[in-house]
Amino acid sequence: MRERSRPRGRREAGGGGGTGGAEASPRGERRGDLAEGGSHGPAMEEGAADLRQRKKQNCSESDKMAPEQRNKENSKLGRSPKYMLIQRFAKLFFGCLAAVTSGMMYAVYLSTYHERKFWFSSRQELEREITFQGDSAIYYSFYKELLKAPSFERGVYELTHNNKTVSLKTINAVQQMTLYPELIASVLYQASGSEEVIEPVYFYIGIVFGLQGIYVTALFVTSWVMSGTWLAGMLTVAWFIINRTDTTRIDYSIPSRENWALPYFACQVAALTGYLKKNLNCSAEKFCYLLVNASTYTFMMMWEYSHYLLFVQAISLFLLDSFALAQTEKVHEVYKIYLFSLFLGYLLQFENSALLVSPLLSFVAALMLSKCLQMNMKKGTFMSRLLKVMYIYLVLTVAVTLNFLLKMFVPHKENEHLLKFIEVKLGLNTTKNFTMNWLLCQESLQAPSQDFFLRLTQSSLLPFYILVLIICLFSVTQVIFRRICGEPLKEAVKLEDGRIGERPEIVYHVIHTILLGCLAMCLEGMKYLWTPYVCMLAAFGVCSPELWMTLFKWLRLKAVHPILLALILSMAVPTIIGFSLWKEFFPRIMTELTELQEFYDPDTVELMTWIKRQAPVAAVFAGSPQLMGVIKLCTGWMVSSLPLYNDDDLLKRNENIYQIYSKRSAEDIYKILTSYKANFLVIEDSICNEVGPVRGCRVKDLLDIANGHVYMRESPVTSRQSQVVCEEDDNYAYSKYGRFCHEIKMNYSPYVNYFTRVYWNRSYFVYRINTVISFQS
């Protein structure tokens, strides 16, 4: 057998004529070049052209030959082809049924939990809307406006030329707030004739919960495709739900952009996993390719920060291709999908300049420019290995240079604060800026706490993830070492080979989870991107016979047959994990669904009711951005600021209006508020009298730092343990004014000259801003 295979390998490497060369697969021909060194110059170009010409022919031939090979194997085992077809169909049918059922059950679970938490069905419309806080309130308010518009076209026009939300400012809300989810939801609601069947709020949150079901189904399918058994998908879903606190933000912010976008990204990852697989038939490959196309573009339209996540994915594919662990043609097809999605996104997002200066565009453009060089570098000689290192350096250099040039010539203001945030977060700079320090003090932008790792460990997720990751990493390292030594990859990896690191889809997921994990270790908010794929990779590993076989190959087991033991463990280990999770966590989940919780905020309800009844229709309200979002949603009145952080003007507005909680004079505050044409001021007692666990991160502390009313000892953001801690008696610089939110409640001059209290309750104080100033003592 060996003597026959060697001449055939040489014919494939040479790319010459004859029947052996004509019947060789493209992968085998390319890998022969890697092993043997191949030919240079025109000969290689002719071979590559011949490969492209025969690609379709080889694909069709492999589709025809695959059933014949399976028939021969089945005849050896004494099984008829019809029996095997029924078996495969049954496996596919029940796997798909389990995947869809898991997604539907999760959506029902979310809906039931949401009802128990907020008593949604028994609430009035105003009380339901109050459950949307901060930016979520803004997103839902625009959905309401679309439904109230006389026509969809008129509603879109009013959103793109919106001057009824923020005072003295006309904004394109669709572009600035990425309102494509609301556009789609309003179209579906009106086109489906749901006005007489279901209320708008139920339809809206129902779509989001349905997308979360698709999210879970996509993770199920990804794990199933990687492991070959839908038992891995079931375990993925179980871990995802049990660790729901760390896998999704659906409990805190239903309309947030990531809740709309991440399900599409999960579908893209599932399709990409199938697309990267070896020996994939043409029909499945085309289906995966189309699904990657559609989901990538949709994901980019749903979330303004989607191109950053795709940039991380592009780096993973770049590393995968650099070590020659995947088909270069497939990887570059994905790069083309990125470029196509960026182009369409730029056009349909009103020429969004943020996409032109995104690192994704620069990186992919650099890769495409270096495509020809990469093909030349895939040789087996020492010089080619040296040039490959230079190739990686060249790609990175071109990408950085191109991004720098684009930022020089393309006018853009988006995401500048993001770069400043990274500088301060890494300790490269310090700042007294209120907005920057406030963002850095947010819990989602801190390093993850110990409780996060403890929760993952208690559910057994983290230990199994680390085990699977270590095995896969060692296997991938072995494969890379073999590639450096010139050894070609196997065309088809069998179970007994114990080489799980040769599967490109596995290598991709290992690299991807490592990169996302590095981000999650820096920012706790990134855990919602990382933890779902931790669930998927850990479930795949414990259910994969190949992973166990890889481990047994290293251990060199002789007492027990390694293949049999691998098959047994791939069924026994997930079953034991499943039963233990069922016993420990299922009662807790059922308790969540049966226990009635209470969400009641009478002070906010009273405030909104007073505004709707007493405030003039043309009134403009000023206050904290989070409260302004709720006022805009519940009353429809114009506000002076919004809880959005992607616009420099809005960021400046937020900082200026937050001065109502600083040590500034009544005259200064009056000038600030009247500059935005505000008529009413709302002061929140919870902010004015805030008693936080970390004093340096309170709003009033950050304002005092920004205004120079306190000496700043250190940056307020490097970690949870190194926040600004200021003693009020010792560290405050001289300020002849008291804190405005305290002084205005005393009702003495000069505060009563500028402001008149018109409403108050336990949580809120509302003041009318006087148009005619009275200087009575």
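Note that the coordinates shown come from a computational prediction; the quantities given were computed from them, not determined experimentally. (Residues numbered from 1 in each chain as written. Predicted model: local features only at pLDDT ≥ 70, side-chain atom pairs only at ≥ 80, totals over all residues. Heavy atoms only, no water.)

**Observations regarding the overall build of the protein**
A count of helices and strands for the protein gives 38 helices and 5 strands. The buried share among the 777 residues of the protein stands at 52%. Nonlocal contacts in the protein, meaning residues at least 24 apart in sequence, comprise 72% of its contacts between residues at least 6 apart. Accessible area for the protein stands at about 36,500 Å²; split by element, carbon and sulfur atoms hold 61% of it. (Helix = DSSP H or I, 4+ residues; strand = E, 2+ residues; numbered from the N terminus. Buried < 20%, exposed > 50% of the residue type's maximum accessible area, 1.4 Å probe, protein only. Contact = heavy atoms within 4.5 Å. Areas by Shrake-Rupley, 256 points an atom, 1.4 Å probe, with all protein chains shown as cover.)

**Concerning the side chain of Asn243**
Residue position: Asn243 is located in the loop between helix 12 (230–242) and helix 13 (244–247). In terms of polar contacts, Asn243 uses its side chain to reach the backbone carbonyl oxygen of Trp239, at 2.8 Å. Other than its neighbours up to four places away in sequence, Asn243 contacts Arg455, Leu456, Ser459 and Leu461. (Polar contact = N/O pair within 3.5 Å; in protein donor to acceptor, adjacent residues only side chain to side chain.)

**Details of the state of the cysteines**
Working definition of a disulfide: a covalent bond connecting the sulfur atoms of two cysteines. For the coordinates displayed, the defined rule picks out 2 disulfides. For Cys441, the disulfide goes to Cys697, at an S-S distance of 2.0 Å. Taking the torsion about the sulfur-sulfur bond, which here is approximately -75°, the covalent link between Cys441 and Cys697 counts as left-handed. Taken together, the positions of Cys441 in the loop between helix 23 (434–440) and helix 24 (450–458) and Cys697 in the loop between helix 34 (685–688) and helix 35 (699–707) put the pair 256 residues apart, joining distant regions of the chain. Note on Cys441: relative accessible area 13%, which makes it buried. What pairs with Cys688 in a disulfide is Cys741, and their sulfur atoms sit 2.0 Å apart. Here the disulfide of Cys688 and Cys741 is right-handed, its torsion about the S-S bond being about 85°. Taken together, the positions of Cys688 in helix 34 and Cys741 in helix 37 (residues 740–743) put the pair 53 residues apart, joining distant regions of the chain. Overall, the relative accessible area of 0% leaves Cys741 in the buried class. (Disulfide = S-S within 2.5 Å.)

**So, unusual backbone geometry**
Looking along the chain, the bond that leaves Ser749 and enters Pro750 is cis, with omega of 10°. You will see that Lys677, though not glycine, has its phi angle at about 60°, which is positive. With respect to the helices, strands and loops of the structure, Lys677 is situated in the loop between helix 33 (666–675) and strand 3 (680–684). By relative accessible area, Lys677 is classed as exposed at 51%.

**What to know about the environment of Trp119**
Here Trp119 shows up in the loop between helix 5 (81–118) and helix 6 (125–130). Exposure remark for Trp119: the relative accessible area of 32% places this residue in the partly exposed category. The sequence separation of Trp119 and Phe599 amounts to 480 residues, and the corresponding C-alpha distance is 7.7 Å.

**Comments concerning the confidence of the model for the protein**
Of the residues in the protein, 81% reach a pLDDT of 70 or more, and the chain-wide mean stands at 82. The lowest-confidence element of the protein is helix 2 (residues 18–23), averaging 38 in pLDDT; the highest-confidence one is strand 1 (residues 620–622), averaging 96. Confidence drops under pLDDT 50 across residues 711–731; counting only partners more than four residues distant or on other chains, this segment forms 54 contacts. (pLDDT = per-residue confidence, 0-100.)

**What to know about the environment of Glu115**
The topology assignment puts Glu115 in helix 5. For the pair Glu115 and Leu596, spaced 481 residues apart in sequence, the C-alpha separation works out to 8.9 Å. Here Phe120 takes part through its backbone nitrogen, which lies 3.4 Å from a polar atom of the side chain of Glu115.

**Thoughts on helix 32 (residues 648–657)**
Most of helix 32 sits inside the fold, with 7 of its 10 residues counted as buried. Among the residues of helix 32, those classed as buried are Leu650, Leu651, Arg653, Asn654, Glu655, Asn656 and Ile657. A distance of 3.0 Å separates the backbone nitrogen of Asp649 from a side-chain oxygen at the start of helix 32, and that oxygen is part of Asp647.

**Some words on the pattern of salt bridges**
Scanning the entire structure with this criterion turns up 27 salt bridges. Here Glu258 and Arg249 are joined by a salt bridge, their closest N and O atoms 2.2 Å apart. The salt bridge involving Glu546 is made with Arg503; its shortest N-O contact spans 2.8 Å. One end of the pair, Glu546, is in helix 28 (residues 545–555); the other, Arg503, is in the loop between helix 25 (461–484) and helix 26 (504–522), with 43 residues separating them in the sequence. Its relative accessible area of 19% is what places Glu546 among the buried residues. When its relative accessible area of 9% is taken as the criterion, Arg503 is described as buried. (Salt bridge = Lys/Arg side-chain N within 4 Å of Asp/Glu carboxyl O.)

**Section: the pairing of strand 3**
Buried residues dominate strand 3, accounting for 5 of its 5 residues. Where strand 1 and strand 3 come together, 2 bridges link them in parallel fashion. Within strand 3, the position partnered with Ala622 by the bridge is Leu681. (Pairing = 2+ DSSP bridges.)

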